[in-house]
Amino acid sequence: MYLALLVIFLQCSELYTQDKVFTFNTVEIKVEPSVKVRNGAPMSIICHADISKSADFQLKYNFTIFKDRKLVFMTVSDTGDARYEVPVAKSSDTGDYQCAVKADKKTGSSDPVHVWVTGMTKPTLTADKRDVLEGEVVKLRCELPEEEPPLQFCFRKIKTNSTPRETCVPEPYTNFSVLEVSVEEGDNILQFDCFGRRNVKLEWEDSAHSNKTLVTVREPFIKPTLTTVPSSNVTEGDQIQFECSTVVVRMRDIEIILQKNKSILNSVQDKKLLRYSTVATLEDSGEYLCKVEQGGASKTTKLNVVVSELFPKPTLVASMTKLDKNKELILNCSINGFQKANFSILRKNANGDIPLKNSQTLKMRVNVNDTGSYTCKAEVKGIVKESKPVRINVYAPVSKPTLSVAGGLPEVVLGKPLQLICHSVMGTPPKTFRFYKGDDIEKTVINDTYATFLDENIRLNDQRGYRCDARNNHSSGVKTSDVLNVTVIVPVRDASLGSFPYGEVEDGSEIAFLCSVKEGSLPILFRFFKKTDNEVLLFEKIEHRDRAMWHKKTMKRQDTGTYYCMASNRANVDVRSQPITVSVILAAWKKGVIAALVLVTIAGAGALALWWFLRKKKKTKGPSMEMSGSALAANLTSEKLARQPNDGDYYSGSGYIEDSENHMKSTDESKGPDLESAEVEYTEVEVSTLDPHRAPVQKGTETLYSEIRKANNGTFARSYLALKIVSYTGFLQYVIFLARNWIRKYNAPENLPLKGRLSCPVTARTLGRDFCSNP
């Protein structure tokens, strides 16, 4: 039962919870009476939450109001409204207001609303002094106690019958400002006031002006008086005295200064009078200033003084200002309309003027070192005046100039600029240099000792003669240099490399490389290289022609590779040829030796194989070799008689029979009496007659055998014939030839028993069959 009650309770709670559903529709904030409120008026900030509920149930609302994101008000309400009251609005209440509402874990917030409290409170102004002296400082304080920073305070200084002078001071962190104001000369009665200012949404808003503060100013001293003695008609040479005086309230820290053109002439301290005297000159004419200072106060008086001229400045006249060396110079010093004066002539110098003569006139024979500026001075009643300087130039004649190439050698590379230097050792500067190319003036230069000329247009067919001349203000005139002939160097162009033989050369043979260029000034340096990982210089040679040859006596296998050449001349431009490849091959005689060794090896192997085969066959068929050859011989003889003499198209063994018989005969004769007594049996072999209507057929082996038959039986003949056989039919025919030699050897009469010797020779047709068959 308890379990059932618990289940019912939980179900009811769930149903109750499901019924308490709500949501925030909007949260709004508004200002009364409006978003723009006058300073001092009441203001209300109202926050309203619009909520939708699933049923009628009670909620607790937590309201929070922010100003410029800072918390200013919080409350809890059972309704959807909250009210923040501001009884007296101030300018500091200006800002952006926003409301946030929280109910049962749900929150809502309004959009910000800007509230502007217009107008500012009136500031207050105070001064630390009400009675001051000129030059003292007054400290002013302007304050807005009910406003909040940042603020700006503006102070005004008001003088009678003048426009107020305004000074503004920003104060980002305080609601007051302090300003120190200096009391100046002429400030008798001063008034000060101030006002505040703030920036709202990029607009300045000013407060009302504060109360006016009155400050009385007293003079610490009177304006000074400046006089001169004598007061008028001051002439050069007269003694003139200046006096400056004032009246002060207190003597302490007072100072009097006399100035002319910002230069201080004299000064006194803690005194009421200043005196200054000097001998008057024309330079003393001008405006004088007397200044009295005490603390920050200052007063001045000005006086203009005119000094009359006693005599004018002297004038120095020279007989000549430009003259040659060793010429006579006359200098004369004079004063227009005035003769009674003490004259002196001087030469100007950086370390001080050098007096030359205390006279009105100076005569001298000049040298180059006398070039310079000269003046004269005149003195009357202690007044000394100096004339304007006169420049005297003494010239030595120029020496014959020398013309040279800047690089040293009188040559230039085609297409490159040519720089020439014209130099004249002697002569007084400035000198005028002129450059000529042929007869044309190319350039004029004014310099002290030398001049340069750059010819940037060098062509192969240009005039090569250059010269220059030099002159100055000496009367001797122009000096001309010798003609300089410049060689134009043509750079090397288009190098090529060849060889003989080309491409391949036998080992141990000689090869010749030829390197040539299409054009270029002589001499030319030719260099031959072999291209490897590191370029290897093989040969170099300087030639006075457009080609060079290099002979390499012996070429080896390691000399195989790529070769190239480089050519250059005094233009210092290396021109490289296209590379060529040279292969070193085996010499012909070495090939022959190798071929011969190979052939001999093959022949030896074949002969050994055949010897072994025939030896084995001889042992197995020895008894059959002792047959009679009479029948075979008879048949062969009848065949010989039946054939025509011109039957050369057919192979015939009769010649061989005759040779064999002759050979056998000569052999038998050499054997002596024992061989003559031996019985020889012959077997006649019957040979069928050829059909004259049948086309002749001749095999290659028959021709070879005819060659063999015609050759001698010696070893040298057989070797020669062996090489010829290989050249005709290859290795197979060569083996057949060796086989036949061995057959002939074994078929020779001396190699057979007398009884078993054959009267029939073995031909190519019987190769591979029995030597002879019994009838």
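So, how was this worked out
- Residues numbered from 1 in each chain as written.
- Predicted model: local features only at pLDDT ≥ 70, side-chain atom pairs only at ≥ 80, totals over all residues.
- Heavy atoms only, no water.
- Core = buried A, V, L, I, M, F, W, Y, C linked by side-chain atoms within 4.5 Å.
- Buried < 20%, exposed > 50% of the residue type's maximum accessible area, 1.4 Å probe, protein only.
- Contact = heavy atoms within 4.5 Å.
- Disulfide = S-S within 2.5 Å.
- Helix = DSSP H or I, 4+ residues; strand = E, 2+ residues; numbered from the N terminus.
- Pairing = 2+ DSSP bridges.
- Axes fitted to C-alpha atoms, helices over the stretch in contact; angles between N-to-C directions.
- Phe/Tyr/Trp six-rings, centres within 6.5 Å; stacked < 30°, edge-to-face > 60°.
- pLDDT = per-residue confidence, 0-100.

Core analysis: the largest hydrophobic core is formed by 27 residues, its most contacted members being Phe-24, Met-43, Ile-45, Tyr-97 and Val-101. Discounting chain neighbours no more than four positions away, the residues touching Phe-24 are Ala-49, Asp-50, Ile-51, Val-101, Ala-103, Lys-106, Thr-107 and Gly-108. Among the nonpolar cores identified, the runner-up in size contains 22 residues, and Leu-329, Leu-331, Val-380 and Ile-392 belong to it.

So, about the state of the cysteines. Applying the stated criterion across every chain yields a total of seven disulfides. Between the sulfur atoms of Cys-154 and its disulfide mate Cys-168 the distance is 2.2 Å. On the sign convention where negative is left-handed, the bridge of Cys-154 and Cys-168, at about 105 degrees about the S-S bond, is right-handed. Pair noted here: Cys-154 is in strand β13 (residues 151-159) and Cys-168 is in strand β14 (residues 165-171), with a separation of 14 residues, a long-range link. Residue pairing for Cys-244: its cysteine sulfur links by disulfide to Cys-290, the two sulfurs lying 1.3 Å apart.

Looking now at the sheet that holds strand β42 (residues 450-455). Ordered in space as β37-β39-β42, the three strands form an open sheet in which the pairing is antiparallel. Two strands in the sheet have a free side with no partner beyond their single neighbour: β37 (402-405) and β42. For this sheet the average axis-to-axis angle between neighbouring strands, irrespective of direction, equals 25 degrees. Summarising the sheet, β37 and strand β39 (residues 418-423) pair through four bridges and their orientation is antiparallel. Across the sheet, Leu-403 pairs through a bridge with Cys-422, a residue of β39.

For the rest of this paragraph, the subject is the packing of aromatic side chains. This structure, assessed with the given rule, holds 13 aromatic pairs. Considering the side-chain rings of Phe-513 and Trp-550, the 5.3 Å spacing of their centres and the 20 degrees angle between planes classify their relative orientation as stacked. Pair noted here: Phe-513 is in strand β49 (residues 511-519) and Trp-550 is in strand β52 (residues 547-552), with a separation of 37 residues, a long-range link. Owing to a relative accessible area of 1%, Phe-513 belongs among the buried residues under this scheme. Look at Trp-550 and you get buried, because its relative accessible area is 12%. Relative to Trp-550, the ring of Phe-539 has its centre 6.0 Å away and its plane inclined at 10 degrees; by these criteria the two rings are stacked.

Averaged over all residues, the pLDDT of the chain is 78; the fraction at 70 or higher stands at 77%. Note that pLDDT drops below 50 for residues 12-17; the model gives that stretch zero contacts with residues more than four away or on any other chain. In this model, residues 746-775 is a region of pLDDT below 50 whose contacts with residues beyond four sequence positions or in other chains number 70 contacts.

Moving on, we get to the side chain of Ser-577. Checked against the element boundaries, Ser-577 lands in the loop between β54 (575-576) and β55 (580-585). Classification of Ser-577 as buried rests on a relative accessible area of 5%. The contact partners of Ser-577, leaving out residues within four places of it in the chain, are Ala-495, Ser-496, Leu-497, Tyr-564 and Cys-565.

Turning our attention to the sheet that holds strand β47 (residues 493-500). A sheet is described by the order of its strands in space; here three strands give the open sequence β47-β49-β52, paired in antiparallel fashion. The open sheet terminates on both sides in strands that have one partner only, identified here as β47 and β52. Going across the sheet, the axis of each strand differs from the next one's by a mean of 15 degrees, ignoring polarity. Pairing analysis gives seven bridges linking β47 to β49, with the strands arranged antiparallel. Considered in β49, the bridge of Ser-499 is made with Phe-513.

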